[in-house]
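Observations on the model geometry
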Amino acid sequence: MAQWTSAVGAAQLARLITSQQPQPAAPGTRKPPAYRALADGIRLLVLEGRVPVAARLPAERELAVSLALSRTTVAAAYEALRAEGFLESRRGAGSWTSVPAGNPLPARGLEPLPPEALGSMIDLGCAALPAPEPWLTKAVQGALEELPPYAHTHGDYPAGLPALRRMLADRYTERGIPTMPEQIMVTTGAMGAIDAICSLFAGRGERIAVESPSYANILQLMRAAGVRLVPVAMADGLGGWDMATWRQVLRDAAPRLAYVVADFHNPTGALATEEQRREMVEAARSAGTVLVVDETMAELRLDPGLAMPRPVCSFDPAGSTVVTVGSASKAFWAGMRIGWVRAAPDVIRSLVAARAYADLGTPVLEQLAVNWLMRTGGWEEAVEIRRTQARENRDALVAAVRRELPDWEFVVPGGGLTLWARAGGLSGSRLAEVGERVGVRVPSGPRFGVDGAFEGYVRLPFTVGGPLADEAASRLAAAARLVGTGAGGSGAEPPRTFVA
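Read on for an overview of the structure. (Residues numbered from 1 in each chain as written. Predicted model: local features only at pLDDT ≥ 70, side-chain atom pairs only at ≥ 80, totals over all residues. Heavy atoms only, no water.)

What follows concerns the nonpolar core. Of all hydrophobic cores here, the largest spans 56 residues; its most connected members are Trp-246, Leu-291 and Phe-332. By residue number, the principal contributor to this core is helix H13 (residues 364-376), which donates 7 residues. Residues contacting Phe-332, with those up to four places away along its chain left out, are Pro-132, Trp-135, Leu-136, Leu-373, Trp-379, Ala-382 and Arg-386. In terms of nonpolar packing, the next biggest core, distinct from the first, is built from 38 residues, Leu-431, Ala-472, Ala-479 and Val-483 among them. (Core = buried A, V, L, I, M, F, W, Y, C linked by side-chain atoms within 4.5 Å. Buried < 20%, exposed > 50% of the residue type's maximum accessible area, 1.4 Å probe, protein only. Helix = DSSP H or I, 4+ residues; strand = E, 2+ residues; numbered from the N terminus. Contact = heavy atoms within 4.5 Å.)

Time to look at the packing of aromatic side chains. Across all of its chains, the model carries 7 aromatic pairs by this definition. Seen from their ring centres, Trp-420 and Phe-448 are 5.6 Å apart, and the 80° between their planes marks the pair as edge-to-face. One end of the pair, Trp-420, is in strand S14 (residues 418-422); the other, Phe-448, is in the loop between strand S15 (440-441) and strand S16 (457-461), with 28 residues separating them in the sequence. Look at Trp-420 and Tyr-457: their rings are 5.0 Å apart centre to centre, the planes differ by 5°, and that puts the pair in the stacked class. Taken as a pair, Trp-420 in strand S14 and Tyr-457 in strand S16 lie far apart in primary sequence, 37 residues in all. Among the residues examined, Tyr-457 registers a relative accessible area of 4% and is labelled buried. An aromatic cluster is built from Trp-420, Phe-448, Phe-454 and Tyr-457, whose rings are joined through pairwise contacts. (Phe/Tyr/Trp six-rings, centres within 6.5 Å; stacked < 30°, edge-to-face > 60°.)

Let us look at the layout of surface pockets. The calculated volume of the second largest pocket comes to roughly 520 Å³. Broken down by secondary-structure element, the contributors of at least two residues to the lining of the second largest pocket are helix H7 (162-174), strand S12 (322-327) and helix H14 (378-404). (1 Å grid on protein atoms, 1.4 Å probe; cavity = no way out; pocket = protein on both sides within 12 Å on 5 of 7 lines; lining within 4 Å. Points joined across faces, edges and corners; volume = space filled by probe spheres on them.)

Right, let's talk about helix H11 (residues 274-287) for a bit. The periodicity of an α-helix, 3.6 residues per turn, causes residues three or four places apart in sequence to face the same way. For H11, built from 14 residues, the straight-helix expectation of 20 Å at 1.5 Å per residue is met to within 8% by its first-to-last C-alpha distance of 20 Å. What H11 keeps buried is the set Gln-276, Arg-277, Glu-279, Met-280, Val-281, Ala-283 and Ala-284. In this structure, the buried residues of H11 make contact with strand S9 (240-241), helix H10 (243-253), strand S10 (257-260), strand S11 (290-294) and S12. Directly beyond the C-terminal end of H11, a positive phi value near 70° is found at Gly-288. (Expected span 1.5 Å × (residues − 1).)

Listed below in structure tokens is the structure:
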């Protein structure tokens, strides 16, 4: 059986290789042979995530024609990649990309920063901000006033409190997507929602297509469920969605689910256009794939003049193809573990029925608090506080990184909570490891890829501002100097970084 889960065409791979900017040769050094340059180009594409791991490469003859090289050159490049662990082959099945054994994989070290380290460590691992007071306190007080009638019941509401389901349905309707309460299920955070969706639709061994890179904790959740992840590379320097590739993957791999973050993507911050959203829904519908859309960042528009496209579910209002996940954790506070699912009523009924064997329901008091916020207008005011905090932090962090690390490359997103940075040719895993020693915790790129991709990247959240942002960038620069001079140690143990 073939081990590849997607395919890269000869023309596509040739275009990616020729788009690379070659490093200038040092004085007195020879230009590498053509096969070595080709092998290095493919290896870099895999490490950066632009060619997914487990993607079948074109036949030697096809790639030779597309690159105007000899077949001997391509064969030698493939052989070099096999020897280095970046390519596997099987007679009759072709060749597919891989990552060498021993490369840091994004499957460990997701524990929170210990409380005793908070005074000495700047934590850039968790993309979460403090609660937007006074609205947290007001919401809890309002919830306590409304609690007594519920206290006389058993307290288990597997689908969620009826009042909150109606509120969420009305909010979707106000956004132009007519929704009934029967299309809403309240969950314990977005993670609880996606866990329930995966359990319902994708059993062990099923395929799930994911953006590459994607949200680290969701990737780990899916790995733990035993599914097969099918990475789909982001386009245009990780700034958007390549719809031709998505259509090909959905058609060829026939995944049961596809998971996307179309609004201020985590980690890149990209925002899908309205046309990309329409094409994504059409491609999923044609392939028979359920499209799971994570909207947890949707309200975090930081640039005031930025026009937001219509929600993905507006192109599938009945919810037969698109299952939407929302949450209060990013827009309001991570400690408010309230999430929700919007889908077709039969999907909601199936999710609710399966919940009897999981957590039975979501805490009543927190549901009442979110409902109080949305009913009174406190939600909008709290979200505006959150936007202001994130915008100020983003601007401070961007300025500090540009000053301290001028060779790092990134695109400043118009919203969300994260900056995806190419670390000037350094290893993101080594930066994460050495960073902890100099007092800054940062998640490395491989945590957001499938099987070790994105080694040259780190993710920086908008969680610190002012002098603390300056200090964080200064410590990152110190870590970069140590890594660049080889003074950071062996780096055998993967860094322990919590990612949120």
